[in-house]
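So the chains spell out like this:
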Amino acid sequence: QSALSQPASVSGSPGQSITISCAGSRSDFGNYNLVSWYQQHPGKAPQLIIFEVTERPSGVSNRFSASKSGNTASLTISGLQAEDEADYYCCSYVHSPAYYVFGTGTKVTVL
Amino acid sequence: QVQLQESGPGLVKPSETLSLTCTVSSSSVRTHYYWAWLRQSPGMGLEWIASVYRSGDTYYNPSLNSRVTISIDTSKNQFSLTMTSATAADSAMYYCARIRVTSSGYGDSFDIWGQGTKITVSS
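Cut-offs and rules
Residues numbered from 1 in each chain as written. Chains lettered and ligands numbered in written order. Predicted model: local features only at pLDDT ≥ 70, side-chain atom pairs only at ≥ 80, totals over all residues. Heavy atoms only, no water. Contact = heavy atoms within 4.5 Å. Buried area = accessible area lost by both parts, 1.4 Å probe. Salt bridge = Lys/Arg side-chain N within 4 Å of Asp/Glu carboxyl O. Polar contact = N/O pair within 3.5 Å; in protein donor to acceptor, adjacent residues only side chain to side chain. Buried < 20%, exposed > 50% of the residue type's maximum accessible area, 1.4 Å probe, protein only. Helix = DSSP H or I, 4+ residues; strand = E, 2+ residues; numbered from the N terminus. Pairing = 2+ DSSP bridges. pLDDT = per-residue confidence, 0-100.

### Looking at the interface of chain A and chain B
- Taken together, the contact between chain A and chain B spans 19 residues of the former and 24 residues of the latter.
- Taking both partners together, chain A and chain B bury about 1800 Å²; carbon and sulfur atoms supply 65% of that area.
- Of all residues in chain A, Pro46, Tyr100 and Phe102 of chain A give up the largest surface area on contact with chain B, accounting jointly for 32% of the area buried on that side.
- On the surface where chain A and chain B come into contact, there are one salt bridge.
- Here Arg100 of chain B makes a salt bridge to Glu52 of chain A, at a shortest N to O gap of 3.0 Å.
- Run the count over chain A and chain B and you get eight residue pairs in polar contact (both at pLDDT 80 or more).

As structure tokens, this is what we get:
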């Protein structure tokens, strides 16, 4: 299984919205809507910000939203803030056999 | 809140076996979650290594399957990873994490992470 494809970098000005794509094959996503997204600040562990394609864990800002269409998942950050500057990774769970494949990662820069 | 703490040797010699332990606090490994090890090489992305359930059922990344063993010790509230025949390519930050379980019973995402332990493979 190869990594899911994400743009290496995305940038935006404060207040703007940006979208990060996560592309794979049909086998990467399977028939399950089990895509998650993680935010990772430098020197820190990743943090779950989206699970089951569109769901936000308690405490995660509603400025983060996500979707999936076909073999591409997307994460949108609205009202971009300086604290959003981080690396973002998508991840897909595939069943039988159980397997997790991550995206290549996207560095978000707030201009 | 639930916390995970990795422990490991820091430095491993090439061809030796790497052993890591994750201690879970404020929760039990007997709960309805999966538990996992992941790693991240310097400047690189994330890689899932293996997962284990409270029953002892294990799941492995096929690219590492032959060298890796994950286990769970409910009496110590820990789970562990051993990786044989270490090489420089195994140098990375190793994270343990909890996997949340969906209503359908699938372990879909890593909802709690340890802070990570850095492993260097070098003579």
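Having seen the model, we can carry on.
### Remarks on the pairing of strand β1 (residues 3–7) of chain B
All names here are of chain B.
- Taking every second residue as pointing to the same face, the buried face of β1 carries Leu4 and Glu6, while none of Gln3, Gln5 and Ser7 on the other face is buried.
- Across five bridges, β1 lies against strand β3 (residues 18–25) in antiparallel orientation. Each residue of the ladder has a partner; that of Gln5, found in β3, is Thr23.

### A closer look at the confidence of the model for chain A
- Of all residues in chain A, 99% have pLDDT values of 70 or greater, and the mean over the chain is 93.
- No element of chain A has a lower mean pLDDT than helix α1 (residues 26–29) of chain A, which averages 76, and none a higher one than strand β4 (residues 47–50) of chain A, which averages 98.

### A short note on the environment of Phe79 of chain B
- Among the structural elements, Phe79 of chain B can be located in strand β8 (residues 78–83).
- Sequence separation between Phe79 of chain B and Trp35 of chain B is 44 residues, and the spatial gap between their C-alpha atoms is 7.6 Å.

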